[in-house]
Amino acid sequence: MSQGRRSLPLFEGMLRADPSTRWKIEQARQRLGGRVRGNERTGAIVTVMTPDGLGETGVVLYEGEGEVDVWRLGDRVRRTSPTNVLDRHDATVDPKILAVSADARVFATLEEGMTVRFLHPSGQGERATLFEKCRYGALVARDDGSVLAVGFRRLMPLAAEA
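Here is what the cut-offs are and how they apply
Residues numbered from 1 in each chain as written. Predicted model: local features only at pLDDT ≥ 70, side-chain atom pairs only at ≥ 80, totals over all residues. Heavy atoms only, no water. Helix = DSSP H or I, 4+ residues; strand = E, 2+ residues; numbered from the N terminus. Buried < 20%, exposed > 50% of the residue type's maximum accessible area, 1.4 Å probe, protein only. Contact = heavy atoms within 4.5 Å. 1 Å grid on protein atoms, 1.4 Å probe; cavity = no way out; pocket = protein on both sides within 12 Å on 5 of 7 lines; lining within 4 Å. Points joined across faces, edges and corners; volume = space filled by probe spheres on them. Nonpolar A, V, L, I, M, F, W, Y, C, P; charged D, E, K, R; others polar. Pairing = 2+ DSSP bridges. Axes fitted to C-alpha atoms, helices over the stretch in contact; angles between N-to-C directions. Salt bridge = Lys/Arg side-chain N within 4 Å of Asp/Glu carboxyl O. Core = buried A, V, L, I, M, F, W, Y, C linked by side-chain atoms within 4.5 Å. Phe/Tyr/Trp six-rings, centres within 6.5 Å; stacked < 30°, edge-to-face > 60°. Lys NZ or Arg CZ within 6 Å of the ring centre and 35° of its normal.

### Some remarks on the environment of Leu86
The topology assignment puts Leu86 in strand S5 (residues 85–87). Judged by relative accessible area, Leu86 falls into the partly exposed class, the value being 42%. Expressed as a C-alpha distance, the spacing of Leu86 and Glu56, which sit 30 residues apart in the sequence, is 10.0 Å. Setting aside chain neighbours within four positions, we find Leu86 in contact with Val46, Thr47 and Met49.

### What about empty space enclosed by the protein?
Within this structure, the stated rule accounts for one cavity of 30 Å³ or more. Taken as a whole, the largest cavity spans an internal volume of roughly 60 Å³. Lining the largest cavity are Val36, Arg37, Gly38, Asn39, Thr42, Leu61, Tyr62, Phe107, Ala108, Lys133, Cys134 and Arg135. Listed by contribution, the elements that provide at least two residues to the lining of the largest cavity are strand S2 (55–64) and helix H3 (95–109). When grouped by side-chain class, the residues that make up the lining of the largest cavity number six nonpolar, three polar and three charged.

### What about the pairing of strand S6 (residues 115–119)?
A one-sided burial pattern is seen for S6, the buried positions being Val116 and Phe118 and the unburied ones Thr115, Arg117 and Leu119. Where S6 meets strand S10 (residues 155–157), three bridges bridge the pair, whose relative direction is antiparallel. Of the residues in S10, the one forming a bridge with Arg117 is Met156.

### Re the sheet that holds strand S8 (residues 137–141)
In spatial order, the strands read S9-S8-S7-S6-S10; together these five strands make up an open sheet with antiparallel pairing. With partners counted over all chains shown, the strands left at the sheet margins are strand S9 (147–151) and S10, one partner each. Between one strand and the next, the sheet's axes are offset by a mean angle of 50°, whatever the strand orientation. As defined by bridge partners, strand S7 (residues 125–133) adjoins S8 across four bridges and the pair is classed as antiparallel. Bridging from a neighbouring strand, Thr129 pairs with Ala141 of S8. Strand contacts of H3: S7, S8 and S10, with the helix running at about 55° to S10, the strand carrying the most contacts.

### As for the pattern of salt bridges
This model, assessed by the stated rule, comprises 14 salt bridges. Between Asp69 and Arg79 there is a salt bridge, and its shortest N-O distance comes to 2.7 Å. Separated by ten residues along the polypeptide, Asp69 in strand S3 (residues 67–72) and Arg79 in strand S4 (residues 76–80) bring together distant segments of the chain. A single network of salt bridges, built from pairs that share partners, joins Glu67, Asp69, Arg79 and Arg135.

### Some details on the nonpolar core
Grouped burial of nonpolar side chains is what soluble globular proteins tend to show. Core analysis: the biggest nonpolar cluster contains 20 residues, and Val140 and Leu155 have the highest contact counts within it. When contributions to this core are tallied by element, the ones reaching two or more residues are S2, H3, S6, S7 and S8.

### Let's talk about the packing of aromatic side chains
This structure, assessed with the given rule, holds one aromatic pair. Each ring, one from Phe107 and one from Phe152, has its centre 6.2 Å from the other, and the planes form 55°; the classification is tilted. Linking Phe107 in helix H3 with Phe152 in the loop between S9 and S10, this pair joins segments that are 45 residues apart in sequence. With respect to burial, Phe107 and Phe152 carry one shared label: buried. Residue placement shows Lys133 over the ring face of Phe107; its charged tip is 4.7 Å from the ring centre.

Structural data, given as C-alpha coordinates:
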(Lines give C-alpha, C1' and ligand atoms only; values in the text may rest on other atoms or scores of the structure.)
Protein backbone atom coordinates (compact mmCIF):
# COMPACT_ATOMS: atom_id res chain seq x y z
CA MET A 1 0.00 0.00 0.00
CA SER A 2 1.27 3.49 -0.76
CA GLN A 3 2.06 5.97 1.97
CA GLY A 4 -0.82 8.17 2.99
CA ARG A 5 -3.36 5.46 2.20
CA ARG A 6 -4.26 2.93 4.78
CA SER A 7 -6.84 0.24 5.13
CA LEU A 8 -8.49 -0.86 8.29
CA PRO A 9 -6.36 -3.73 9.67
CA LEU A 10 -9.24 -6.16 9.22
CA PHE A 11 -9.16 -5.73 5.44
CA GLU A 12 -5.48 -5.08 4.77
CA GLY A 13 -4.60 -8.79 4.63
CA MET A 14 -7.56 -9.53 2.38
CA LEU A 15 -6.48 -6.82 -0.06
CA ARG A 16 -3.00 -8.34 -0.30
CA ALA A 17 -3.99 -12.00 -0.31
CA ASP A 18 -5.73 -12.50 -3.63
CA PRO A 19 -4.69 -10.55 -6.74
CA SER A 20 -8.11 -11.06 -8.36
CA THR A 21 -9.81 -9.57 -5.28
CA ARG A 22 -7.44 -6.60 -5.36
CA TRP A 23 -8.26 -6.05 -9.04
CA LYS A 24 -12.02 -6.18 -8.43
CA ILE A 25 -11.71 -3.71 -5.56
CA GLU A 26 -9.62 -1.39 -7.74
CA GLN A 27 -12.26 -1.57 -10.48
CA ALA A 28 -15.01 -0.74 -7.97
CA ARG A 29 -12.93 2.14 -6.57
CA GLN A 30 -12.50 3.60 -10.05
CA ARG A 31 -16.22 3.23 -10.87
CA LEU A 32 -16.92 5.25 -7.74
CA GLY A 33 -14.56 8.02 -8.91
CA GLY A 34 -11.52 7.14 -6.80
CA ARG A 35 -10.71 7.59 -3.15
CA VAL A 36 -11.21 11.03 -1.60
CA ARG A 37 -11.23 12.78 1.74
CA GLY A 38 -14.00 15.05 3.03
CA ASN A 39 -15.25 17.96 1.01
CA GLU A 40 -17.02 21.06 2.32
CA ARG A 41 -19.15 21.71 -0.79
CA THR A 42 -20.54 18.20 -1.18
CA GLY A 43 -24.30 18.56 -1.57
CA ALA A 44 -24.27 22.22 -2.59
CA ILE A 45 -26.82 23.11 -5.27
CA VAL A 46 -25.06 24.99 -8.06
CA THR A 47 -25.37 26.13 -11.64
CA VAL A 48 -22.83 24.71 -14.09
CA MET A 49 -22.07 26.86 -17.11
CA THR A 50 -21.96 24.74 -20.26
CA PRO A 51 -19.61 25.41 -23.19
CA ASP A 52 -22.51 27.01 -25.11
CA GLY A 53 -23.07 29.51 -22.27
CA LEU A 54 -26.18 27.94 -20.77
CA GLY A 55 -26.55 27.19 -17.09
CA GLU A 56 -27.59 23.80 -15.78
CA THR A 57 -28.55 23.12 -12.15
CA GLY A 58 -26.79 20.33 -10.29
CA VAL A 59 -25.31 19.10 -7.03
CA VAL A 60 -21.62 19.16 -6.09
CA LEU A 61 -20.37 15.64 -5.41
CA TYR A 62 -16.70 16.52 -5.19
CA GLU A 63 -14.51 19.59 -5.43
CA GLY A 64 -10.74 19.35 -5.54
CA GLU A 65 -7.85 21.32 -6.89
CA GLY A 66 -8.97 22.64 -10.25
CA GLU A 67 -12.00 20.37 -10.71
CA VAL A 68 -15.59 20.01 -9.59
CA ASP A 69 -17.83 16.97 -10.17
CA VAL A 70 -21.49 18.01 -10.44
CA TRP A 71 -24.42 15.58 -10.56
CA ARG A 72 -27.13 16.61 -13.02
CA LEU A 73 -30.61 15.35 -13.83
CA GLY A 74 -30.54 12.02 -15.62
CA ASP A 75 -27.86 10.72 -13.22
CA ARG A 76 -25.10 12.35 -15.23
CA VAL A 77 -21.94 13.80 -13.71
CA ARG A 78 -20.01 16.63 -15.30
CA ARG A 79 -16.41 17.29 -14.32
CA THR A 80 -15.58 20.95 -14.87
CA SER A 81 -13.46 23.82 -13.68
CA PRO A 82 -14.48 25.70 -10.51
CA THR A 83 -14.75 28.83 -12.67
CA ASN A 84 -17.73 27.20 -14.45
CA VAL A 85 -19.64 26.56 -11.22
CA LEU A 86 -21.85 29.22 -9.65
CA ASP A 87 -23.74 28.98 -6.33
CA ARG A 88 -27.55 28.89 -6.66
CA HIS A 89 -29.45 31.36 -4.54
CA ASP A 90 -33.02 31.02 -5.79
CA ALA A 91 -35.74 28.73 -4.52
CA THR A 92 -36.81 27.18 -7.85
CA VAL A 93 -35.03 23.84 -7.82
CA ASP A 94 -36.34 20.54 -9.15
CA PRO A 95 -37.37 18.20 -6.27
CA LYS A 96 -35.07 15.48 -7.67
CA ILE A 97 -32.11 17.83 -7.28
CA LEU A 98 -33.17 18.65 -3.72
CA ALA A 99 -33.31 14.92 -2.91
CA VAL A 100 -29.84 14.27 -4.36
CA SER A 101 -28.49 17.28 -2.47
CA ALA A 102 -29.87 15.91 0.80
CA ASP A 103 -28.38 12.46 0.13
CA ALA A 104 -25.00 13.98 -0.78
CA ARG A 105 -24.97 16.01 2.45
CA VAL A 106 -25.64 12.86 4.48
CA PHE A 107 -22.87 11.07 2.58
CA ALA A 108 -20.50 13.95 3.38
CA THR A 109 -20.94 13.27 7.11
CA LEU A 110 -19.77 9.65 6.80
CA GLU A 111 -16.17 8.77 7.62
CA GLU A 112 -13.98 5.77 6.95
CA GLY A 113 -14.25 3.23 9.74
CA MET A 114 -17.87 4.08 10.58
CA THR A 115 -20.55 1.46 10.81
CA VAL A 116 -23.17 2.42 8.23
CA ARG A 117 -26.37 1.17 6.67
CA PHE A 118 -26.60 0.63 2.95
CA LEU A 119 -29.75 -0.05 0.99
CA HIS A 120 -30.11 -2.97 -1.37
CA PRO A 121 -32.02 -2.27 -4.61
CA SER A 122 -34.90 -4.09 -2.90
CA GLY A 123 -34.97 -1.32 -0.31
CA GLN A 124 -33.78 -3.57 2.50
CA GLY A 125 -31.06 -2.10 4.71
CA GLU A 126 -27.90 -3.88 5.80
CA ARG A 127 -25.17 -2.99 8.26
CA ALA A 128 -21.56 -2.67 7.03
CA THR A 129 -18.27 -0.91 7.73
CA LEU A 130 -17.34 1.95 5.43
CA PHE A 131 -13.68 1.37 4.76
CA GLU A 132 -12.98 3.58 1.77
CA LYS A 133 -14.81 6.75 0.76
CA CYS A 134 -14.85 7.66 -2.92
CA ARG A 135 -16.25 10.56 -4.98
CA TYR A 136 -19.59 8.93 -5.79
CA GLY A 137 -19.96 6.35 -3.04
CA ALA A 138 -17.91 4.02 -0.88
CA LEU A 139 -16.46 0.58 -0.51
CA VAL A 140 -18.13 -1.16 2.42
CA ALA A 141 -17.43 -4.48 4.10
CA ARG A 142 -20.19 -6.71 5.35
CA ASP A 143 -19.82 -8.88 8.43
CA ASP A 144 -19.15 -11.92 6.22
CA GLY A 145 -16.05 -10.15 4.82
CA SER A 146 -17.45 -9.44 1.38
CA VAL A 147 -16.75 -5.99 -0.03
CA LEU A 148 -19.35 -4.02 -1.96
CA ALA A 149 -19.27 -0.77 -3.91
CA VAL A 150 -22.26 1.34 -2.87
CA GLY A 151 -23.40 4.63 -4.42
CA PHE A 152 -23.65 7.69 -2.15
CA ARG A 153 -27.46 7.74 -2.35
CA ARG A 154 -27.67 4.29 -0.72
CA LEU A 155 -25.46 5.01 2.30
CA MET A 156 -26.43 6.48 5.67
CA PRO A 157 -25.21 6.56 9.26
CA LEU A 158 -26.32 3.52 11.22
CA ALA A 159 -28.63 5.54 13.48
CA ALA A 160 -30.52 7.02 10.49
CA GLU A 161 -32.49 3.88 9.69
CA ALA A 162 -35.99 3.84 11.13
